[in-house]
Amino acid sequence: MAATLKVGPDEKVRIRVKVNGVWYERDVEPRKLLVHFLREDLGLTSVHVGCDTGHCGACTVIMNGVSVKSCQVLAVQADGAEILTLEGLAKDGKLHPIQEAFWEKHALQCGYCTPGFIMETYWLLSENSNPTEEEIRRGLSGNLCRCTGYQNIIEAVKLAVQKLKELKTIQ
Ligand code: FES
Ligand code: FES
């Protein structure tokens, strides 16, 4: 994590981040947000910008094992961090069980909010593998769906819980 930066706003700072298992080194402006770094510098366009104010959750990623809204983090603050985005979930061409559950329960309409919901679900189920419906609703309360498809999203999370119980791992 970068401490005090003694550079001007237009000077670049070298950062090193491990994203989806791969280390990257890039020079970034100190004011650049993590969401823009992931999208523009690394091409990870699953990380969506919905509001830029921390309200919608479309930009949710996992940073050092914790869910963060990447529009609320500067790229320089991610120096040395490990980050997981939606692109890192599928393995060997097979969707992650949470992705499968969203697919099977039709938990999306336009899909804009979906990567954020899936990453928040990943974190929720990493912390609590057997949540109640109330815990699911509370856990996802920081993510907004403009299409208002919340009921199917809740059903998808419940299905993901069952799938992960059978697999006994979230990886
Ligand atoms: Fe980050 Fe909406 S874009 S919370
Ligand atoms: Fe459209 Fe959620 S599916 S915003």
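Residues numbered from 1 in each chain as written. Chains lettered and ligands numbered in written order. Predicted model: local features only at pLDDT ≥ 70, side-chain atom pairs only at ≥ 80, totals over all residues. Heavy atoms only, no water.

Chemist: I tried to follow the pairing of strand β3 (residues 60-63) on my own but got confused; where do I start?
Modeler: Look at any regular strand and the pattern is simple: side chains alternate between the two faces of the sheet. Residue alternation in β3 divides its side chains into two sets, Thr-60 and Ile-62 and Val-61 and Met-63, and both sets are buried. Relative to strand β4 (residues 66-69), β3 is paired through four bridges, and the arrangement is antiparallel. When the sheet's bridge partners are listed, Thr-60 is paired in β4 with Lys-69. Taken together, β3 and the strand that follows it, β4, pair antiparallel across an intervening segment of two residues, in which Asn-64 is found at a positive phi of about 50°. By the bridge criterion, two bridges tie β3 to strand β5 (residues 82-84) in an arrangement that is antiparallel. Of the residues in β5, the one forming a bridge with Met-63 is Ile-83. (Buried < 20%, exposed > 50% of the residue type's maximum accessible area, 1.4 Å probe, protein only. Helix = DSSP H or I, 4+ residues; strand = E, 2+ residues; numbered from the N terminus. Pairing = 2+ DSSP bridges.)

Chemist: Explain the environment of Gly-149 here, please?
Modeler: When you line up the elements, Gly-149 lands in the loop between α4 (133-139) and α5 (150-167). Taking relative accessible area as the criterion, Gly-149 reaches 14% and is therefore assigned buried. For the pair formed by Gly-149 and Gln-109, sequence separation is 40 residues and the distance between their alpha carbons is 7.1 Å.

Chemist: What exactly am I supposed to notice about the packing of helix α2 (residues 97-104) against α5 here?
Modeler: Axes are the key here: two packed helices are described by the angle between their axes and the distance separating the axes. Between α2 and α5, the shortest axis-to-axis distance is 8 Å and the interhelical angle comes to 140°. The angle between α2 and α5 falls in the class oblique. Here α2 runs over α5; the crossing is right-handed. Contact residues: α2 offers Pro-97, Ile-98, Glu-100, Ala-101, Phe-102 and Glu-104, while α5 offers Ile-153, Ala-156, Val-157, Leu-159, Ala-160, Lys-163, Leu-164 and Leu-167. (Axes fitted to C-alpha atoms, helices over the stretch in contact; angles between N-to-C directions. Parallel < 35°, antiparallel > 145°, perpendicular 65-115°, else oblique. Left-handed = near helix turned anticlockwise from the far one by under 90°. Contact = heavy atoms within 4.5 Å.)

Chemist: Just to check I follow, could you spell out the sheet that holds strand β2 (residues 22-28) for this structure?
Modeler: Note on sheets: strands pair through backbone hydrogen bonds, and any given pair is parallel or antiparallel. Reading across the sheet, the five strands line up as β2-β1-β5-β3-β4 and stay open at both edges, with mixed pairing between neighbours. The open sheet terminates on both sides in strands that have one partner only, identified here as β2 and β4. Sheet twist, expressed as the average angle between the axes of neighbouring strands with direction ignored, equals 40°. As paired strands, strand β1 (residues 13-19) and β5 are joined by two bridges and run parallel to one another. Within β5, the position partnered with Lys-18 by the bridge is Glu-82. The sheet contacts of helix α1 (residues 34-41) involve β1, β2, β3 and β5, and relative to β2 the element is tilted by about 105°.

Geometric values such as these leave the question of function open.
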